[in-house]
Amino acid sequence: MTRIAYVPLGHRLAHMFEPLARQLVRLPPVRWLLTQVSRLGFSGKSLVISVPYVWLLLFFLVPFVIVLKISFAEQVVAQPPYTALLGWVDEKFLTLKLNIANYLFIVRDSLYWKAYLNSMKVAAISTLLCLLVGYPMAYGIARTSPAWRNVLLMLVILPFWTSFLLRVYAWIGILKNNGIINNILMSLGIIDSPIVMMQTPFAVYVGIVYSYLPFMVMPLYATLEKMDLTLLEAAYDLGCRPFKAFLRITLPLSIPGIVAGCMLVFIPAVGEFVIPELLGGPNTLMIGKVLWDEFFSNRAWPVASAVAIAILLLLVIPIMIFQHYQARDAEAGR
Amino acid sequence: MNEARRNDKYVPPWTDPKAEPYVRIEKVTKKFGDFVAVDDVSLNIYKNELFCLLGGSGCGKSTLLRMLAGFEQPTSGSIYLDGVDMAGIPPYNRPVNMMFQSYALFPHMSVEDNVAFGLKQERLAKNEVSKRVNDMLGLVQLAQFAKRKPHQLSGGQRQRVALARALVKQPKLLLLDEPLGALDKKLREQTQFELVNLQDRTGVTFVVVTHDQEEAMTLASRIGVMNQGRIVQVGTPTEIYEFPTTRFVADFIGSVNMFEGRIVDEDNDFVRIGAEDARCTIFINHGVAAAPNSTLWVAIRPEKVNISREPPPDASENCTTGIVQDIAYMGDVSIFNVKLDGGKVVKVTQPNLFRHAEETITWEDRVYLHWHPASGVVLLQ
Ligand SMILES: Nc1ncnc2c1ncn2[C@@H]1O[C@H](COP(=O)(O)OP(=O)(O)OP(=O)(O)O)[C@@H](O)[C@H]1O
Ligand SMILES: [Mg+2]
């Protein structure tokens, strides 16, 4: 658990798949294969280590290349609905046709810009809200007795035991005009007519903050829990009041957790589709939704691919910041 | 040593009934649940003292220190600092600073910022802060490491940063919890002298916790020996070593040979004790306030026992005999383990006065052990 904030993404995947890989290499056909391969000069260890990289290659890099390819194609009414990049001219010239019109289109059409900026805004605000809600939660959990700690942590991850979709639908039941909140408020006589919450940005924020909160709480908890509490005693001893000690000691020392939590919330929230689709109104302009519409409604695969590549490029920047922090942190930890 | 202490007319404050103690600990008890960590401790510590709390692991030294710093509240009893009752005063309002057993340096701040942290809480002017920080870093010889982070320092350097951070606030009372625990022997000895020097120069009252008796002997003006949450004896290093009042203290400080016996003859100015396991009569040249026929113990330090192959002129008292079982050559001294005829093993140390002695005592030699009538300490409990 405490590793979350400190292990770079690739290594983390490697850790996840190591037990699986170990099981796998015990199977006789795999063993036979390994023997054959090792005769060619590869060691078993390097093969085990390579499993996650093979996984990333197959399920991340290959799809990425396919999407990249489609993004440079032209839309046609055909099956599949895009042109090939490579072609033959006069049966002897291999030609590569790169169509950058899709990119020009999404840059020029203000719809995409607005959707991008709005997604960024929604993700940023949601991340901030998650941080504001999640920090006190993580702090509280990290500072209770060990027995309570496990119970509270269980409660934080308990929602994962039911389907994500189901939980978002549950929010519809809570927020809609004749939903739980409005019914209670009206029966108490606090309001006369229902407050419209569904299909508003408010509902989208509620959905995102609710769904991504555990991803904020976990890394924060991990950093706060391993903090040395004598540092706080030392601060008090030097004349620092508790609140100031929190600002000067606890907060700076939890920055790795804050950064990790923010990245884990921000990055998926930018591309979020299900929550704005279900809780937000038809006017909710988010890039994930635009992508969906291009792909399924307009069958504009090349434009949709270009949008996907653009999201990826925009997200690479925060990921690089994240990795930079981790590298710095690993340095300082030594 | 302190100027005042070198002066012949110096009267130690603890012998002066009029002296006002600087720290007064009155019947302090601390319980964790049912467990009594500090048990009814009363203690006076005077200004400019370097007081050592000495005791085995888990005897409550840190707990007592933490109550002085304000991290723990006494279950009962009270603590006065300079005449002020400290009950309910939080750590950040006490004129006390502590150096932690683990140093507790702030890992995200440079050495400079660590030392400046306490001063910044007092809202001092910027140049005042940096001046005092620089002076302090000079004092602990860390000026060239000012910009480094704690993890870029060696253990000894970290320890000095922790010391500087606690001292820079010029507290009235400095608490040090095993300040030299992490240092190697050489650096330890060097730092012990630095600490004593520093204490002389700054005039701060130090309370040092340690479980290393040698360290306590080197540093302290007085030592408080603790056992199972209680203070069992308070005294100067000499008093603690030469005049222990209980078997625990005699045994805990240095090594000792303990003989059990009964009084066979006594008067106001002497006592004769028949010690079965020593196989001789022990003559002590002062009176003892013990009930006749009660069991008591005589403690004799190894360096106060003479060892020879020839019997001494008067072998009737304070003299016993045995076979050399073991010899440990330590360079400056040799340690002999002598098995008495009754089976008890007695430890004797003798300085190696000559580089090469003709007639050295070796294994399996029959030897005579004898000591001066003033060497034995009679212990009633
Ligand atoms: N917060 C606490 N809760 C319960 N028991 C405690 C607590 N703090 C200390 N104790 C107990 O009180 C006793 C004294 O602890 P303390 O830390 O004062 O020992 P110490 O003399 O400093 O030992 P050491 O030399 O090992 O540091 C120990 O038995 C310890 O287990
Ligand atoms: Mg301790």
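Residues numbered from 1 in each chain as written. Chains lettered and ligands numbered in written order. Predicted model: local features only at pLDDT ≥ 70, side-chain atom pairs only at ≥ 80, totals over all residues. Heavy atoms only, no water.

(A) Examining the overall build of chain A more closely. Secondary structure summary: chain A contains 15 helices and 2 strands in total. Out of the 334 residues in chain A, the part that is buried amounts to 36%. Summed over its atoms, the accessible surface of chain A is roughly 19,300 Å², and 72% of this surface lies on carbon and sulfur atoms. (Helix = DSSP H or I, 4+ residues; strand = E, 2+ residues; numbered from the N terminus. Buried < 20%, exposed > 50% of the residue type's maximum accessible area, 1.4 Å probe, protein only. Areas by Shrake-Rupley, 256 points an atom, 1.4 Å probe, with all protein chains shown as cover.)

(B) Looking closely at the sheet that holds strand β11 (residues 257-267) of chain B. Residues and elements named next belong to chain B. The 5 strands are arranged β13-β12-β11-β14-β20 in an open sheet whose pairing can be described as antiparallel. The open sheet has two edge strands with one neighbour each: β13 (280-284) and β20 (377-379). On average, adjacent strands in this sheet sit at an angle of 40° to one another, irrespective of strand direction. Bridge analysis of strand β12 (residues 270-275) against β13 gives 5 bridges, and the strand direction is antiparallel. If you follow V271 over to β13, its bridge partner there is I284. (Pairing = 2+ DSSP bridges. Axes fitted to C-alpha atoms, helices over the stretch in contact; angles between N-to-C directions.)

(C) Layout of the interface of chain B and chain A. Each partner contributes to the interface: chain B provides 23 residues, whereas chain A provides 20 residues. Regarding the contact of chain B and chain A, the summed buried area is about 2,000 Å², with carbon and sulfur atoms giving 60% of it. In this structure, the connection of chain B to chain A is made through 1 salt bridge. A salt bridge links E233(A) to R66(B); the nearest nitrogen and oxygen atoms lie 2.7 Å apart. Counting across the chain B and chain A interface gives 7 residue pairs in polar contact (both at pLDDT 80 or more). Put simply, the parts of the chain that give the side of chain B that touches chain A at least two residues each are α2 (61-69), β6 (96-99) and α3 (111-121) of chain B. (Contact = heavy atoms within 4.5 Å. Buried area = accessible area lost by both parts, 1.4 Å probe. Salt bridge = Lys/Arg side-chain N within 4 Å of Asp/Glu carboxyl O. Polar contact = N/O pair within 3.5 Å; in protein donor to acceptor, adjacent residues only side chain to side chain.)

(D) Region of interest: the packing of aromatic side chains. Residues and elements named next belong to chain A. Scanning the entire structure with this criterion turns up 21 aromatic pairs over all chains. Ring geometry for W292 and F296: centres 4.4 Å apart, planes at 40°, overall tilted. Highlighted residues: W292 and F296, both in helix α14 (residues 287-297), separated by 4 residues, approximately one helical turn. Accessibility expressed as a relative area gives 38% for W292, which makes it partly exposed. Of the residues examined, F296 reaches a relative accessible area of 52% and is grouped as exposed. (Phe/Tyr/Trp six-rings, centres within 6.5 Å; stacked < 30°, edge-to-face > 60°.)

(E) Spatial organisation of the domain arrangement of chain B. Residues and elements named next belong to chain B. Per the domain assignment, the segments of chain B are domain 1 (2-250) and domain 2 (257-379). Centre-to-centre separation of domain 1 and domain 2, based on C-alpha positions: 39 Å. Contacts between the two partners involve 8 residues from domain 1 and, on the opposite side, 8 residues from domain 2. Between domain 1 and domain 2 the total buried area reaches about 730 Å² when both faces are included, carbon and sulfur atoms providing 55% of it. The largest share of the area that domain 1 buries against domain 2 comes from Y241, R247 and A250, three residues that together contribute 68% of it. Counting across the domain 1 and domain 2 interface gives 1 salt bridge. Notably, a salt bridge pairs K304 with E242, separated by 3.0 Å at the nearest N-O pair. Between domain 1 and domain 2 we count 4 residue pairs in polar contact (both at pLDDT 80 or more) in total. Among the elements of the structure, α8 (237-242) and α9 (247-252) are those that each provide at least two residues to the side of domain 1 that touches domain 2. (Domains from an automatic or database assignment.)

(F) Focus on the site of ligand 1. Residue and element names in this part refer to chain B. The full set close to ligand 1 counts 14 residues, and S57, G58, K61, S62 and T63 are the nearest of them. At a separation of 3.2 Å, an oxygen atom of ligand 1 approaches a polar backbone atom of C59. For ligand 1, an oxygen atom lies 2.5 Å from a polar atom in the side chain of T63. At the level of secondary structure, the elements contributing two or more residues to the shell around ligand 1 comprise β2 (35-45) and α2. Residue classes in the shell around ligand 1 are distributed as 4 nonpolar, 8 polar and 2 charged. (Near = heavy atom within 4 Å. Nonpolar A, V, L, I, M, F, W, Y, C, P; charged D, E, K, R; others polar.)

(G) Structural detail: the sheet that holds strand β15 (residues 306-308) of chain B. All names here are of chain B. If you walk across this open sheet you meet the 5 strands as β15-β19-β16-β17-β18, and the pairing is antiparallel. Two strands in the sheet have a free side with no partner beyond their single neighbour: β15 and β18 (345-351). On average, adjacent strands in this sheet sit at an angle of 40° to one another, irrespective of strand direction. Direction of pairing for strand β16 (residues 319-329) relative to strand β17 (residues 333-340): antiparallel, over a ladder of 7 bridges. Across the sheet, D326 pairs through a bridge with N337, a residue of β17.

(H) How the structure looks around the nonpolar core. Of all hydrophobic cores here, the largest spans 60 residues; its most connected members are I106(A) and V307(A). In terms of residues, this core owes the most to one element, helix α9 (residues 201-225) of chain A, which gives 14 residues. Leave out the neighbours within four places in its chain, and I106(A) touches Y112(A), W113(A), Y116(A), V303(A), A306(A), V307(A) and A310(A). Grouped together as the second largest cluster of nonpolar side chains are 45 residues, F145(B), L153(B), V204(B) and Y241(B) included. (Core = buried A, V, L, I, M, F, W, Y, C linked by side-chain atoms within 4.5 Å.)

(I) Summary view of the confidence of the model for chain A. Per-residue pLDDT for chain A averages 85, and the proportion of residues at 70 or more is 89%. Below pLDDT 50 for its whole length, residues 1-7 of chain A participates in 21 contacts with residues either more than four positions away or in separate chains. (pLDDT = per-residue confidence, 0-100.)

(J) Looking closely at the pattern of salt bridges. For the structure shown, the criterion picks out 22 salt bridges over all chains. Residue E112(B) pairs with K147(B) through a salt bridge whose shortest N-O separation is 2.9 Å. Here E112(B) is found in helix α3, whereas its partner K147(B) is found in the loop between α4 (126-139) and α5 (155-167), with 35 residues between them in sequence. Across the salt bridge formed by D135(B) and K131(B), the nearest N and O atoms sit 3.1 Å from each other. In this pair, D135(B) and K131(B) are both assigned in helix α4, 4 residues apart and thus about one turn of the helix distant. Given a relative accessible area of 49%, K131(B) falls into the partly exposed group. Beyond isolated ion pairs, a larger network of salt bridges with shared partners links E233(A), K30(B), R66(B) and E72(B).

(K) Here's a closer look at helix α11 (residues 242-253) of chain A. All names here are of chain A. Counted at 1.5 Å a residue, the expected span for α11 with its 12 residues is 16 Å, and the 15 Å between its end C-alpha atoms agrees. Taken as a whole, α11 has its buried residues at A245, F246, I249 and T250. Down the axis of α11, the buried set is contained in an arc of 120°. They therefore lie on one face. (Expected span 1.5 Å × (residues − 1). Arc of directions from axis to C-beta.)

(L) Quick peek at the packing of helix α5 (residues 110-143) of chain A against α14(A). Residue and element names in this part refer to chain A. At their nearest, the axes of α5 and α14 sit 8 Å apart, and the two run at 140° to each other. Here α5 lies oblique to α14, going by the angle between them. Between α5 and α14, the contacting residues are Y112, A115, Y116 and S119 on the first element and I287, V290 and E294 on the second. A breakdown of the residues in the contact of α5 with α14 according to their chemical character gives 5 nonpolar, 1 polar and 1 charged. (Parallel < 35°, antiparallel > 145°, perpendicular 65-115°, else oblique.)

(M) Looking closely at the side chain of S211(A). Residue and element names in this part refer to chain A. Mapped onto the elements of the fold, S211 is located in helix α9. Within polar-contact distance, the side chain of S211 engages the backbone oxygen of G207 at 2.8 Å. Discounting chain neighbours no more than four positions away, the residues touching S211 are F164, V168 and I275.

(N) Representation of the pairing of strand β19 (residues 366-370) of chain B. All names here are of chain B. Side chains of β19 alternate between two faces, with V367 and L369 buried and R366, Y368 and H370 left unburied. Both β15 and β19 contribute to a ladder of 3 bridges, which runs antiparallel. Looking at the pairing, S308 lines up with Y368 of β19.

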